[in-house]
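A look at the structure
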Amino acid sequence: LSPNLDQILLSAKASDYLIGSWWSEVQMGPPDPILGVSEAYKRDTNPKKMNLGVGAYRDDQGKPYVLSCVRKAEAQIAAKKLDKEYLAIGGLGDFTKACAKLALGDNNEVIKSGRNITVQTISGTGSLRIGANFLSRFHTEARDVYLPKPSWGNHTPIFRDAGMQLKAYTYYDPKTCGFDFQGALNDISKIPEKSIIMLHACAHNPTGVDPRPEQWKEIANLVKKRNLLVFFDMAYQGFASGDIDRDAWAVRYFIEQGHNIVLSQSFAKNMGLYGERVGGFTVVCKDAEEAKRVESQLKILIRPIYSNPPMNGARIAATILNTPDLYKEWLGEVHGMANRIITMRELLVANLKKEGSTQNWQHVIDQIGMFCFTGLKPEQVARLTKEFSVYMTKDGRISMAGVTSGNVGYLAQGIHAVTK
Amino acid sequence: FVPGLFNVPQATPVAVFKLSNDFKEDANPKKVNLGVGAYRTDEGQPWVLPVVKKVEKIIVADNSLNHEYLAILGLPEFRSSASKIALGEDSPAIQENRVGAVQCLGGTGALKMGAEFLRRWYNGNDNTKTPVYVSAPTWENHNAVFANAGFEDVRPYKYWDAEKRGLDLDGFLGDLESAPKHSIFVLHACAHNPTGTDPTHVEWMQVAEVMKRRKLFVFFDSAYQGFASGCLDKDAWAVRYFVTQGFEMFCAQSFSKNFGLYNERVGNLTIVARDSDNLKRVLSQMEKIVRVTWSNPPSQGARLVAITLNTPELFAEWKDNVKTMADRVLLMRASLQAKLQALETPGTWDHITQQIGMFSFTGLNPKQVEYMIKERSIYLMASGRINMCGLTTKNIDYVAESIHETVVNVQ
């Protein structure tokens, strides 16, 4: 009685049966503002084209850079012949412990007292999403998340999708291409109590503008007065100054001052593990007992999304963080990447001057991390893309990582042409 | 002073993981873990497939590979070859350019993406009230996946007949007939979890007929392709039949079990649409959902599967590895049934060999399950589900005797 499937396949065209579609009302989604840039770049045939869109590090030949400590870690892991059994929902223990130590510092009281819970996440995005879901479910005192103006483009849709409301506080000063400290304090002083405030730990994305330590201190004080819940996004630890501890200074200071923060970390950039999706989400609780309760709830949130996280990248990161000579090598390589970017900033400004630009480009050097907020307006960006095949996001942000000693001159030409 | 998360209650642990934990802590040397659904060798060890080891070496040796971001929807050569596995290489739907896919974090991730999409776009823009039907019983995470995606009405459809220990076809068809139009049905493509009971071909045809007539949405969960019969094509019969019947549908695929890649989170949401234009728009909206959840998927596992599926000798070796696993399960089924019959254990035990795939619904009740755990250190789910992979030639006698003792002494 079993029907012959071949006969069915041969005799009937499936589309004979298809009457309508469930999806006729589905609109075409607009391209992602950041990732869409890379796609447009790929289609361009100009040999001089430059991709300054997404923040992925490139070496001075413009090539992706696989860290040497990563290759060594991979070889070590391969030799161990490990199995592929499911990780726990919260991820690889060796990784999550090391991840927390990296952010908070080796001898941090929080870790010693067990009052943090750190789970492995799908890189920074996954961490922010878990955090957003957690706050949406349990931080019932407030629905509002305050982002700096501007912030990473994906912050808003992530929090919105999790059911939170987005507001903003002044951050970037377009007149100086720097930090609007007073503006930020003014806005923060008006944020309703118990709201969530998002702070970029270092290497602010997209502006590259970070508060100075004295400014962080005042912010921390004001945030305490306003009784706000702090959500730190740290996607570039090591990339800002080249120094792991310096880049985590703000996070550690806030905790010292008694803020029980939540924290997202990414290893996409600082370990070059982009596609392996390595990240962590930490909640600093009042004590170990609260941390256990929070952990149990994070697991409940994670399980219906992806059950448990991927092993490969976490295993690489854990190996590096927990093996002294690999860790040392990694610190050197992060320092090297940060330095190359700093050098490119200097070269870009030097070349702009050489081109005869009379604009003030000091901010290119003052800004920190992978990104530079050039100050270019959308029309100028459009021209730069159209006439020079230089691809960047329309807010004027460029990824310095895409700049090399080979193309910095061309970039300066283009920027000068559209700004003179 | 700082706002504390003081009001966070302790959540109950996920049952299947708690079971594994309790097993770990048990000191009894005769303990047997018939809990979580992962394959084990006859030595009771995890098994990294030989073909996987081979491909890992290939990847390590290839210096042209790096760790750059994949596209939002994943590795193209993975997505297309994975969909071919489900639908068949010669699938007319593929030839008609109306099949697409989203690489996801395991089968769970694929279900999640499908659920999120359906909630936003399926039948109007807000499907929070659209009923989602999952089998009674079903994989315990199905409920949570759809509920968390915003579906407020997740209901059971009749499936398992506890008395006759088989499929409740009349109940199943009855629920299909009475479901509100446009309801979403989650169907297990093969090797039903947890019962191991699959509809026959004729029964699937009946299900399809009702679903087509009543305009119900087909969402296949395919986590065990290859594991049921040992043959990939045979295990995909239901999915492919539904395609020939003209359904637009989703199929959430997992490569955790059939590739043994559990912790690399390799999954694929295969989408069959009416035409390529609809497909394009669907994929563009899937990207938006991916972007706010994990941005782009992990590369290692997808690379591994793609290389395997796209290299003829490796593909053949993989199919062989899958058959090895399926055959061992079949052997354990036959052995267990034979031993229970030899012991003259009360009840009928044909269901052990009739059921398909990794799991068997033994029919043991909660009291009997508790006895097995506490008195015999044999760990199984409260539902009476056992993982056949936990059985080995070395422990099968102990397990058979334990089942016998339990059934005789505990009612």
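Residues numbered from 1 in each chain as written. Chains lettered and ligands numbered in written order. Predicted model: local features only at pLDDT ≥ 70, side-chain atom pairs only at ≥ 80, totals over all residues. Heavy atoms only, no water.

Our next topic: the overall build of chain A. Secondary structure assignment for chain A yields 18 helices and 13 strands. In terms of C-alpha radius of gyration, chain A reaches 23 Å, essentially the compact-globule figure of 22 Å for 420 residues. Judged by the C-alpha coordinates and their principal axes, chain A covers about 85 × 60 × 50 Å. Taking all 420 residues of chain A together, 62% fall into the buried category. Of all intrachain contacts in chain A linking residues separated by at least 6 positions in sequence, the fraction that spans at least 24 positions is 75%. Summed over its atoms, the accessible surface of chain A is roughly 16,600 Å², and 51% of this surface lies on carbon and sulfur atoms. Seen as two clouds, the 51 positive and the 43 negative side-chain charges of chain A have centres 1 Å apart. (Helix = DSSP H or I, 4+ residues; strand = E, 2+ residues; numbered from the N terminus. Rg over C-alpha atoms; globule rule 2.2 N^0.38 Å. Buried < 20%, exposed > 50% of the residue type's maximum accessible area, 1.4 Å probe, protein only. Contact = heavy atoms within 4.5 Å. Areas by Shrake-Rupley, 256 points an atom, 1.4 Å probe, with all protein chains shown as cover. Lys, Arg positive; Asp, Glu negative; His and termini not counted. Charge placed at Lys NZ, Arg CZ, Asp CG, Glu CD.)

Residues and elements named next belong to chain B. If you walk across this open sheet you meet the seven strands as β2-β10-β9-β8-β7-β3-β4, and the pairing is mixed. The two strands at the open ends of the sheet, each matched to only one other strand, are β2 (99–105) and β4 (154–158). Shown here is a sheet whose adjacent strand axes are inclined to one another by a mean of 25°, direction ignored. Pairing of strand β7 (residues 184–188) with strand β8 (residues 217–222), which is carried by five bridges, proceeds in the parallel orientation. For His188, the partnering residue across the bridge sits in β8 and is Asp221. Contacts from helix α7 (residues 169–178) reach β4 and β7, with the element oriented near 135° to β4. (Pairing = 2+ DSSP bridges. Axes fitted to C-alpha atoms, helices over the stretch in contact; angles between N-to-C directions.)

Here the focus is unusual backbone geometry. For the bond running from A:Lys149 to A:Pro150, omega is 0°, close enough to zero to count as cis. Within the secondary structure layout, A:Pro150 lies in the loop between β3 (144–149) and α8 (155–161).

Our next topic: the UniProt feature "domain: Aminotransferase class I/classII large" (unreviewed entry) in chain A. With numbering matched to this structure, UniProt assigns "domain: Aminotransferase class I/classII large" (unreviewed entry) to residues 48–415 of chain A. Taken end to end, residues 48–415 of chain A has its terminal C-alpha atoms 14 Å apart, with 47% of it in helix and 15% in strand. (UniProt positions renumbered as here; feature names shortened; annotations may be inferred.)

Quick look at the pattern of salt bridges now. Across all of its chains, the model carries 38 salt bridges over all chains by this definition. For A:Arg129, the salt bridge goes to A:Asp161, with nearest N and O atoms at 3.0 Å. Of this pair, A:Arg129 sits in helix α7 (residues 123–138) while A:Asp161 sits in helix α8, placing them 32 residues apart in sequence. Across the pair B:Lys374 and B:Glu370 runs a salt bridge whose closest N-O atoms are separated by 3.3 Å. Of this pair, B:Lys374 and B:Glu370 both sit in helix α15 (residues 366–376), four residues apart, roughly one helical turn. A cluster of three or more residues bridged by salt bridges with shared partners is formed by A:Arg129, A:Asp161, B:Lys112, B:Glu116, B:Arg119 and B:Arg120. (Salt bridge = Lys/Arg side-chain N within 4 Å of Asp/Glu carboxyl O.)

This brings us to the side chain of A:Ser195. For A:Ser195, the location among the structural elements is in the loop between α9 (181–188) and β7 (196–200). For A:Ser195, the side chain forms a polar contact with the main-chain oxygen of A:Pro192, separated by 2.7 Å. (Polar contact = N/O pair within 3.5 Å; in protein donor to acceptor, adjacent residues only side chain to side chain.)

This part takes up the confidence of the model for chain B. Confidence in the prediction of chain B, expressed as mean pLDDT, is 94, and 98% of residues score 70 or more. The complex prediction reports pTM at 0.95, with the ipTM value standing at 0.95. (pLDDT = per-residue confidence, 0-100.)

Right, let's get into helix α3 (residues 76–87) of chain B. Residue and element names in this part refer to chain B. Spanning 12 residues, α3 covers 17 Å between terminal C-alpha atoms, matching the ideal 16 Å at 1.5 Å per step. Buried within α3 we find Phe78, Arg79, Ser81, Ala82, Ser83, Ile85, Ala86 and Leu87. At the exit of α3 stands Gly88, carrying a positive phi of roughly 95°. (Expected span 1.5 Å × (residues − 1).)

Further remarks concern the packing of aromatic side chains. The description of an aromatic ring pair uses the distance of the two centres, along with the angle that the planes make with each other. Overall, the coordinates contain 51 aromatic pairs over all chains when judged by the stated rule. Centre to centre, the rings of A:Trp23 and B:Phe117 are 5.2 Å apart; their planes meet at 75°, and the pair counts as edge-to-face. Separated into two different chains, A:Trp23 in the loop between α2 (14–17) and α3 (35–43) and B:Phe117 in helix α5 (residues 106–121) make up a pair that spans both. Among the residues examined, B:Phe117 registers a relative accessible area of 0% and is labelled buried. Taken together, a centroid distance of 5.1 Å and an interplanar angle of 90° make the contact between A:Phe232 and A:Phe254 edge-to-face. Of this pair, A:Phe232 sits in strand β8 (residues 229–234) while A:Phe254 sits in helix α12 (residues 249–256), and the two are 22 residues apart along the sequence. Residue A:Phe232 shares its accessibility class with A:Phe254, and that shared class is buried. Here the aromatic cluster, defined as three or more aromatic residues joined through ring pairs, consists of A:Trp22, A:Trp23, B:Phe117, B:Tyr122, B:Phe146, B:Phe151, B:Phe217, B:Phe219 and B:Phe250. The ring of B:Phe23 carries the charged tip of B:Lys31 above its face, separated from the ring centre by 4.5 Å. Over the ring of B:Phe359 we find B:Arg385; its NZ or CZ atom is 3.8 Å from the centre of that ring. (Phe/Tyr/Trp six-rings, centres within 6.5 Å; stacked < 30°, edge-to-face > 60°. Lys NZ or Arg CZ within 6 Å of the ring centre and 35° of its normal.)

Turning to the interface of chain A and chain B, a few remarks are in order. With 90 residues of chain A at the contact, the number on the chain B side is 89 residues. Approximately 8,200 Å² of surface area, both sides summed, lies buried where chain A meets chain B, with 59% of it carried by carbon and sulfur atoms. Here chain A is connected to chain B by six salt bridges. One salt bridge in this structure joins B:Arg40 and A:Glu85, with 2.7 Å as the shortest N-O distance. Among the elements of the structure, α1 (5–11), α2, α4 (68–80), α7, α8, α13 (288–306) and α14 (311–322) of chain A are those that each provide at least two residues to the side of chain A that touches chain B. For the side of chain A that touches chain B, the element with the most residues is α13(A), which contributes 11 residues. A class-by-class count of the residues in the side of chain A that touches chain B yields 47 nonpolar, 22 polar and 21 charged. (Buried area = accessible area lost by both parts, 1.4 Å probe. Nonpolar A, V, L, I, M, F, W, Y, C, P; charged D, E, K, R; others polar.)

The next subject is the nonpolar core. In this structure, A:Trp23, A:Leu298, A:Trp330, A:Leu348, B:Phe219, B:Phe250 and B:Leu269 are the most contacted members of the largest nonpolar core, which totals 149 residues. Among the elements that make up this core, the one with the highest residue count is helix α15 (residues 324–355) of chain A (nine residues). Leave out the neighbours within four places in its chain, and A:Leu298 touches A:Ile117, A:Val119, A:Ile130, A:Phe134, A:Phe281 and A:Val283. Within the second largest apolar cluster, 59 residues are counted, among which are B:Ala228, B:Met358, B:Phe359 and B:Met372. (Core = buried A, V, L, I, M, F, W, Y, C linked by side-chain atoms within 4.5 Å.)

Residues and elements named next belong to chain A. For helix α10 (residues 213–226), with 14 residues, the first-to-last C-alpha span of 20 Å sits near the 20 Å given by 1.5 Å per residue. Every buried residue belonging to α10 is among Gln215, Trp216, Ile219, Ala220, Leu222 and Val223, and all of these are buried. Lining the buried residues of α10 we find β6 (178–179), α9, β7, β8 and α12. Positive phi appears at Asn227, one or two residues downstream of α10, with a value of about 60°.

We now examine the sheet that holds strand β9 (residues 262–266) of chain A. All names here are of chain A. The seven strands are arranged β2-β10-β9-β8-β7-β3-β4 in an open sheet whose pairing can be described as mixed. What marks the edges here is a single partner per strand, and that holds for β2 (116–122) and β4 (165–170). Mean inter-strand twist for the sheet, computed between neighbouring axes without regard to direction, equals 25°. Pairing of β9 with strand β10 (residues 278–284), which is carried by five bridges, proceeds in the antiparallel orientation. By the bridge assignment for β10, Leu263 is matched with Thr282.

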